[in-house]
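An overview of the molecular structure
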Amino acid sequence: MNIMVVGVGGQGTLLTSRIIGRTALAQGFDVKLSEVHGMAQRGGSVVTFVRYGERVYEPVVEEGEVDVLIAFERLEALRYAHFLKKDGTLIVNDCRIEPMTVVIGAAEYPEGILEALSAEHTVRTVDGSAVARSLGNSRVLNSVVLGLAAREIGFEKDAWLSVLRETVPPKTVAVNEAAFNAGYGA
Amino acid sequence: MSEKKIMLGNDAIARGAYEAGVKVSSAYPGTPSTEISEFLATYPEVYTEWAPNEKVALEVAAGASYSGVRALAAMKHVGLNVASDPLYSIAYTGVNGGLVIVVADDPGIASSQNEQDTRMIGRSAHIPVIEPSDSQEAKDLLLTAFEISEEYDTPVIFRTTTKLAHSQSIVTLGKRCDVPDKVYERDVKKYVMMPASAIGRHKVVEAREDRLSADASSLPLNRWEKGDTKLGFITSGVAYQYVKEAAPTASVLKLGMVNPLPRALIEEFVASCDEVIVFEELEPVIEEQVKSWGLAVKGKELFTKQGEYSANMLKKVLTGKDAAVFAPAAAPARPPILCPGCPHRSVFSVLKKLKMHAAGDIGCYTLGAVAPLSVIDTTVCMGSSISLLHGMEKAKGREYIRSWVATIGDSTFLHTGVNSLINMVYNKSAATVMILDNRTTGMTGHQEHAATGKTLKGEETHAIDLSELCRAIGVPRVLRISAFDTAALEAALCESAGDDVLTVIIAEAPCALLKGQSFPNVCVADAEKCKRCGACLRIGCPAITKTADGTVRIDDAMCNGCGLCEGYCKFGAIEKRPR
């Protein structure tokens, strides 16, 4: 199973891929994750990978091999959709963060991204920020997105929740669990 | 059963150091090596520290080794350049307790200024180079590295790459070895590198390398995985994983030690296969040696010397086919940017307003080179900003550099920048140097340094006062100004550009991402008052965007309330107010 998590530096994509990796590990799979640290993180386009199976060699996933692509932002979904397999699934957090190239007028933010992607791929969307805000903590948006992705990836719901509980800060367990459930049922 | 964990490569290296019985570790932060020291600091049995630079770190580790304990120094590839002075001579002295230098290369240049290959340095310094291919090996081979270091009386380079350092895979944990301290004995011929001793030690170095070369063919870290003999691969590091992914049935000679090479084993392997490909990222280090022995192998005829490799890259060469199903869509680039509330933005906005050029340095503030700030003209290496500016002044004179400043971070200044400033004082430069003091080593993820008052272990310590340091070396004018006081910065810059006094301006404000801060304010844009002039957009804050009607909007979740944009709005449309 090949999973790719993309977003904008600071959105919490790293934590999301770590939770997926730990959940797969708890099922007894061989697991590899590839992360991005350092300068590349500073508000830039960020990509992480999770692979699991009987035996995993390469820590990254390449074009044409992704089963589930989790995009935390629309433009990033567009940028990396070509990594999907023919029958792969695209999970999109429906939000728009303009890159500096757009802000200063050097480029235009493409319109109709979700429509264009839906024409070629199976796309499932959630407005993670809106759900998170309704739960009273805008920072749990990645648990909302994770919940939606978890349904596509499989594993028992409890397997996800037990890893989630161990991974997020203790004070935020309840709200992260609520966010996961909201995404899972979305 | 032993505990199994999923671990980052750097976490596994730290675990390996712990299990190997390391007692002393010294390092300077540098992506992708930084987390090694942070993980190692969590083991109370190991003394760990941040040194001001990599040369100091390696010398500290060497001193610990001479005294008889196992020691480690960690750095990124370009850090080894700084440490190369001790490196080449420690190769001669050898060790007492085991000494391992972890060096993290950055193929693909995710967060560096070049793409150099540490294996070349290992060869030229006659130091063994060991290279793991996943987290389990990172831990296991680190123990092997210490055994080789002590058995062959040599420092060992443990080479990783970004992909290994920042990938996670499963590791079975072991126990810490009980390594008794070795006895230190005075030995001038071994430890005092004056000509008479060094001439003798050079002979020892050659003999040691010959012995290790001969032994390398039977060391278990070099592994022959027998398979289809039509095509064989010689590979090491993460590239091994790509070979296993792309050609699972091929014969593979997987090298755990890439210097010196196991010549007899390689000759036997090449003879056993119809065709052999050397699959190695960056320089043809293995390939050129193998070819020099008269063996027919392929390598860089097929693959680039640039960037990271992948399984698909190999598959394409083997099958001529591409795995991709869909074509990439055109999407505007999203390069890294300075964070909302970053004090560097404030400093650069003033330099931009004054149309000044900056000789830049290594840190987040290198991002001041790109639009819309576009202030930094040069970035070479740690500490270089000040010396480059000095060179310009000596070449073209004071008038030429009136519109120039050097910009350098606090940690970078203490790393090697202070040496360049001493040179400016000594050799009478009149220039403006700005220390962008954000109270941390920012880009690598907030490490302490000699001016923060905290050690790597989190203990309180003396904090070097940067302004007093500058005065002590003789800088005649040293100013401390808040990085967000744009009016005071502008006045100071104009004054120092106008006269002929060497000036250091320390622009102070903590990194916006430093923990423990509260941001009580937020900036709000009033669409009614906004004249759509775009002045606030030209400071390049990611919290400010243009709406469909051309007025601006400030994202209250992203905004840290620094208020810089408020000062750049002539129409009073932006207001900083309590959250």
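Everything numeric here is computed off the predicted structure, so don't read it as measured data.

Below, the discussion takes up the sheet that holds strand β6 (residues 129-130) of chain B. Pairing is mixed across the open sheet formed by seven strands, whose spatial order is β3-β2-β4-β5-β7-β6-β12 (chain B). Of all the strands in the sheet, just β3 (47-50) and β12 (257-259) of chain B have a single pairing partner and so form its edges.

All names here are of chain B. Considering all chains together, one arrives at 49 salt bridges over all chains under this definition. Measuring nitrogen to oxygen at the nearest pair gives 2.7 Å for the salt bridge that ties Glu19 to Lys139. Here Glu19 is found in helix α1 (residues 9-19), whereas its partner Lys139 is found in helix α7 (residues 135-151), with 120 residues between them in sequence. Comparing Glu19 with Lys139, the two get one shared label, buried. The salt bridge partner of Glu490 is Lys353, with a shortest N-O separation of 2.9 Å. Here Glu490, found in helix α19 (residues 486-498), pairs with Lys353, found in helix α15 (residues 343-353); they are 137 residues apart in sequence, far enough to count as distant. Using a relative accessible area of 48% as the deciding quantity, one classes Lys353 as partly exposed.

Residue and element names in this part refer to chain B. Residue position: Trp293 is located in the loop between α13 (285-292) and α14 (311-319). Residues Trp293 and Arg263 lie 30 residues apart in sequence; the distance between their C-alpha atoms is 8.7 Å. Setting aside its immediate chain neighbours within four residues, Trp293 contacts Leu261, Arg263, Ile266 and Glu267.

Each assigned domain of chain B is listed with its residue range as follows: domain 1 (4-216), domain 2 (223-319), domain 3 (343-508) and domain 4 (521-578). Computed over C-alpha atoms, the centres of domain 2 of chain B and domain 4 of chain B are 55 Å apart.

The subject of this paragraph is the sheet that holds strand β10 (residues 228-236) of chain B. All names here are of chain B. Spatial strand order, β9-β11-β10-β13: four strands in an open sheet with mixed pairing. With partners counted over all chains shown, the strands left at the sheet margins are β9 (222-225) and β13 (275-279), one partner each. Here the strands of the sheet are splayed against their neighbours by 15° on average, with no regard to which way each runs. Pairing geometry for β10 and β13, over five bridges, is parallel. What sits directly across from Phe233, in β13, is Ile277. Sheet strands touched by helix α11 (residues 238-246): β9, β10, β11 (250-255) and β13. Its angle to β10, the strand with the most contacts, is close to 155°.

Here we take up the nonpolar core. Residues and elements named next belong to chain B. Counting residues in each nonpolar core, the largest one holds 56 residues, and the members touching the most others are Leu72, Val102, Ile130, Leu142, Phe158, Phe233 and Phe279. In terms of residue count, the dominant contributor to this core is α7 (seven residues). Formed jointly, this core draws a minimum of three residues from each of two domains, domain 1 (4-216) and domain 2 (223-319). Not counting residues within four places of it along the chain, the set of residues in contact with Phe233 comprises Val243, Ala247, Ala250, Ser251, Val252, Leu253, Phe269, Ile277, Phe279, Leu314 and Leu318. The next biggest cluster of nonpolar side chains, apart from the first, holds 50 residues, and it includes Val375, Leu414, Ala451 and Leu466.

Relative to the elements of secondary structure, Lys244(B) occurs in helix α11. Within polar-contact distance, the side chain of Lys244(B) engages the side chain of Glu225(B) at 2.8 Å. In contact with Lys244(B), other than residues within four places in its own chain, are Tyr57(A), Glu225(B) and Val252(B).

Attention now goes to the environment of Ile6(B). Within the element layout of this structure, Ile6(B) appears in strand β1 (residues 4-8). Taking the relative accessible area as the measure of exposure, Ile6(B) reaches 11% and is therefore buried. Spatially, the C-alpha atom of Ile6(B) lies 9.8 Å from that of Ser167(B), the residues being 161 residues apart in sequence. Not counting the four nearest positions on each side in its chain, Ile6(B) is found in contact with Arg22(A), Leu25(A), Val31(A), Leu33(A), Gln168(B), Ser169(B) and Ile170(B).

The predicted model of chain A has a mean per-residue pLDDT of 93, with 98% of residues at 70 or higher. Here helix α3 (residues 100-103) of chain A is the element of chain A with the lowest mean pLDDT, 90, and strand β4 (residues 66-71) of chain A is the one with the highest, 98.

A few words now on the state of the cysteines. All names here are of chain B. One pass over the full model with this rule turns up zero disulfides over all chains. For Cys523, which is in no disulfide, the shortest distance to another cysteine sulfur is to Cys565 and amounts to 3.9 Å. Overall, the relative accessible area of 2% leaves Cys523 in the buried class. Note on Cys533: no disulfide assigned, nearest cysteine sulfur contributed by Cys569 at a separation of 6.2 Å.

Let us now look at the pairing of strand β19 (residues 503-508) of chain B. Along any regular strand, the residues point their side chains to alternate faces of the sheet. In terms of burial, β19(B) is largely enclosed, as five of its six residues are buried. A crossover links strand β18 (residues 477-482) of chain B with its parallel partner β19(B), the connecting element being α19(B), and its sense is right-handed.

So, on to the packing of α1(B) against α7(B). Residue and element names in this part refer to chain B. Taken N-terminus to C-terminus, the directions of α1 and α7 make an angle of 25°; their axes are 8 Å apart at the nearest point. Classed by the angle they form, the pair α1 and α7 counts as roughly parallel. In the crossing of α1 with α7, the sense of the turn from one axis to the other is right-handed. Contacts from Gly9, Ala12, Ile13, Arg15, Gly16, Ala17 and Glu19 in α1 reach Ser135, Ala138, Lys139, Leu142 and Leu143 in α7. Considering only residue class, the contact of α1 with α7 consists of six nonpolar, three polar and three charged.

The rules behind each value
- Residues numbered from 1 in each chain as written.
- Chains lettered and ligands numbered in written order.
- Predicted model: local features only at pLDDT ≥ 70, side-chain atom pairs only at ≥ 80, totals over all residues.
- Heavy atoms only, no water.
- Pairing = 2+ DSSP bridges.
- Helix = DSSP H or I, 4+ residues; strand = E, 2+ residues; numbered from the N terminus.
- Salt bridge = Lys/Arg side-chain N within 4 Å of Asp/Glu carboxyl O.
- Buried < 20%, exposed > 50% of the residue type's maximum accessible area, 1.4 Å probe, protein only.
- Contact = heavy atoms within 4.5 Å.
- Domains from an automatic or database assignment.
- Axes fitted to C-alpha atoms, helices over the stretch in contact; angles between N-to-C directions.
- Core = buried A, V, L, I, M, F, W, Y, C linked by side-chain atoms within 4.5 Å.
- Polar contact = N/O pair within 3.5 Å; in protein donor to acceptor, adjacent residues only side chain to side chain.
- pLDDT = per-residue confidence, 0-100.
- Disulfide = S-S within 2.5 Å.
- Right-handed = clockwise from strand over helix to strand, strands pointing away.
- Parallel < 35°, antiparallel > 145°, perpendicular 65-115°, else oblique.
- Left-handed = near helix turned anticlockwise from the far one by under 90°.
- Nonpolar A, V, L, I, M, F, W, Y, C, P; charged D, E, K, R; others polar.

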